[in-house]
Amino acid sequence: MQRQENNPIAHLTAEDIEAIGRELDAIRDEVLAARGERDAAYIRKVIKVQRSLEMGSRAVLLFSLFPPAWLIGTAGLSVAKILENMEIGHNILHGQYDFMRDPKIHSTTWEWDHVTPADQWKHSHNEVHHKYTNVVGKDNDLGYGIMRVDENQRWHPFYLAQPLWNFINALFFEYGIAAYDLELGKNLKTRKRRNNPQFRANVKAVGRKIRRQVLKDYIIHPALSGPSFLHTIAANFTANLVRNLWSHSVIMCGHFPNGVSTFERTSIKGETRGEWYLRQMLGSANISGSRLMHIMTGNLSHQIEHHLFPDLPSSRYPEVAVKVRALFEKYDLPYVTGPLPLQVASAWAKVIRLSFPNRKPMPDADPSIPPRMPVAEPAAA
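What counts, and at which threshold
Residues numbered from 1 in each chain as written. Predicted model: local features only at pLDDT ≥ 70, side-chain atom pairs only at ≥ 80, totals over all residues. Heavy atoms only, no water. Helix = DSSP H or I, 4+ residues; strand = E, 2+ residues; numbered from the N terminus. Buried < 20%, exposed > 50% of the residue type's maximum accessible area, 1.4 Å probe, protein only. Contact = heavy atoms within 4.5 Å. Areas by Shrake-Rupley, 256 points an atom, 1.4 Å probe, with all protein chains shown as cover. Lys, Arg positive; Asp, Glu negative; His and termini not counted. Charge placed at Lys NZ, Arg CZ, Asp CG, Glu CD. Salt bridge = Lys/Arg side-chain N within 4 Å of Asp/Glu carboxyl O. Phe/Tyr/Trp six-rings, centres within 6.5 Å; stacked < 30°, edge-to-face > 60°. Lys NZ or Arg CZ within 6 Å of the ring centre and 35° of its normal. Axes fitted to C-alpha atoms, helices over the stretch in contact; angles between N-to-C directions. Parallel < 35°, antiparallel > 145°, perpendicular 65-115°, else oblique. Nonpolar A, V, L, I, M, F, W, Y, C, P; charged D, E, K, R; others polar. Polar contact = N/O pair within 3.5 Å; in protein donor to acceptor, adjacent residues only side chain to side chain. Left-handed = near helix turned anticlockwise from the far one by under 90°.

Caption draft 1: Local environment of the overall build of the chain. When helices and strands are tallied, the chain shows 15 helices and two strands. Here the chain holds 381 residues, and 51% of them are scored as buried. Considering only contacts in the chain between residues 6 or more positions apart, those separated by 24 or more positions represent 74%. Within the structure as shown, the chain displays about 18,000 Å² of accessible surface, and the carbon and sulfur contribution to it stands at 62%. Positive and negative side-chain charges in the chain, numbering 46 and 38 respectively, have mean positions lying 9 Å apart.

Next up, the structure:
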């Protein structure tokens, strides 16, 4: 765990941790048993609204030569792209709606408005990120492989530029995700890895997806606009930029604000289900806000609940959050949450702070040695 002066789980026994796991399992089982038409109706409604908004916005942009049409069309398309990625694509690809057995709304068939092919994203996100949440060196979502994310990571001058790398990554976030889904840093190191058939196949798949996205947003749609060709290109580029900045900000808020813990690889050795749950609780943060805010974030404003239950329908997270927060209070654990501006500022402050060497050694720490997860003592008989 990220070294802290006050260990947030020092008061927990091994029995407490496993009890937390059982209580969270019970919450999950209750929602699984209640899934049904309400959830199916919700996702179908969101898809209908999103598609109507996208088609309407693209129609308006056919006249984007006129400033009011450009502004209205660009705003609508930005919102449509955010909805498609966050509340629809992300959650369908998690399998949250597979219980519907609708072949059109299923994790095995859905392809989203993103340069990363769905199958590659599902591997890096569902199978890797959610298994190794906030484990330094295992979770690529934590710093995207280009940033220092913990005081106990050895500092190098390269990290001085990490605020710049993070900003560039935010602007072109979908391409950054494609790059780390491909694990370019690892796979380009040696000829053997570069020539690996699976890696080469994945690169070609990403190339095909990029061509498809570019063709749709920067050639076909603008061409239909006739005299508004260049204005429509600018509108599509702006909508993609807005979507990227929004997605990056939401995800940063869920993983990186102050109060969120990181973990070293050895801390998850022999991890129990209760300990896995506890890592999700301490390695995540929420965003407070309105129902509209939750929908626009894909309910990742409930990142704690999402990390605990990634396969539950996202629209259930607000009601689940009430029970989860009560569990945090019961076991005296920090429930990190706050308004979007404060969480974004907190995350960026950490990015900037960790770009510099530590001002002073961490308490009782050798800066070259990563910290260890505290070991809970068994309860007294």
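Caption draft 2: Representation of the environment of Arg22 in the model. Position of Arg22 relative to the elements: it lies in helix α1 (residues 14-34). Note: C-alpha distance between Arg22 and Tyr277 (255 residues apart in sequence) is 9.8 Å.

Caption draft 3: View of the pattern of salt bridges. Enumeration according to the criterion identifies 19 salt bridges in this entry. Glu30 serves as the salt-bridge partner of Lys323, at 3.0 Å between the closest nitrogen and oxygen. Residue Lys323 is found in helix α14 (residues 317-330), and its partner Glu30 is found in helix α1; the two are separated by 293 residues along the sequence. Under the relative-accessibility criterion, Glu30 is labelled partly exposed at 46%. Where Asp217 meets Arg58, a salt bridge forms, and the shortest distance between an N and an O atom there is 2.9 Å. With Asp217 in helix α9 (residues 197-224) and Arg58 in helix α2 (residues 37-60), the pair connects residues that are 159 residues apart, well separated along the chain. The same class applies to Asp217 and to Arg58, which are both buried. In the salt-bridge network here, residues are joined through shared partners; they are Glu54, Arg58, Lys81, Asp113, Glu174, Lys216, Asp217 and Arg243.

Caption draft 4: Representation of the packing of aromatic side chains within the structure. Applying the stated rule across the entire model yields six aromatic pairs. With a centroid separation of 5.9 Å and 25° between ring planes, the pair formed by Phe158 and Trp165 is classed as stacked. Residue Trp165 is classed as partly exposed on the basis of its relative accessible area of 30%. Chaining the aromatic ring pairs together yields one cluster made of Phe158, Tyr159 and Trp165. The lysine or arginine in question, Lys138, covers the ring of Tyr132, its NZ or CZ lying 4.4 Å from the ring centre. A cation sits over an aromatic face here: Lys350 above Phe256, 5.3 Å from the ring centre.

Caption draft 5: Broad picture of the packing of α1 against α14. Following both chains from N to C, one finds α1 and α14 inclined at 170°, their axes separated by 11 Å at the closest point. Here α14 runs roughly antiparallel to α1, going by the angle between their axes. In this structure, α1 contributes Ile20, Glu23, Leu24, Ile27, Glu30 and Val31 to the contact, and α14 contributes Val320, Lys323, Val324, Leu327 and Lys330. A per-class count over the contact of α1 with α14 returns seven nonpolar, no polar and four charged.

Caption draft 6: Up close: the environment of Val135. Along the chain, Val135 turns up in the loop between α4 (118-129) and α5 (162-171). On the basis of relative accessible area, Val135 is assigned to the buried category, the value being 0%. Separated by 130 residues in sequence, Val135 and Arg265 have C-alpha atoms that sit 6.1 Å apart. Ignoring any residue separated from it by four or fewer positions in sequence, one finds Val135 in contact with Leu142, Phe263, Glu264, Arg265, Ile268 and Arg279.

Caption draft 7: Region of the structure containing the side chain of Asn236. Within the fold, Asn236 resides in helix α10 (residues 229-255). The exposure class assigned to Asn236 is buried, which follows from its relative accessible area of 0%. A polar contact is formed between the side chain of Asn236 and the side chain of Arg58, at a distance of 3.0 Å.

Caption draft 8: Quick peek at unusual backbone geometry. Of note in the backbone geometry, Asn134 takes a positive phi value of approximately 60° without being a glycine. Relative to the helices and strands, Asn134 is located in the loop between α4 and α5. Assessed through its relative accessible area of 0%, Asn134 is described here as buried. Although it is not a glycine, Asp332 adopts a positive phi angle of roughly 55°. Its location among the elements puts Asp332 in the loop between α14 and β2 (337-339).

Caption draft 9: Quick look at the packing of helix α3 (residues 67-93) against α10. Two numbers describe how α3 lies on α10: the axes approach to 8 Å, and their chain directions differ by 40°. For the element pair α3 / α10, the angle class is oblique. Relative to α10, α3 is oriented so that their crossing is right-handed. Note on element contacts: α10 touches α3 through His231, Ala234, Ala235, Asn236, Thr238, Ala239, Asn240, Val242, Arg243, Trp246, Ser247 and Val250, opposite Trp70, Thr74, Leu77, Ser78, Lys81, Ile82, Asn85 and Met86. Of the residues that constitute the contact of α3 with α10, the class distribution is 10 nonpolar, eight polar and two charged.

Purely geometric numbers; function is a separate question.
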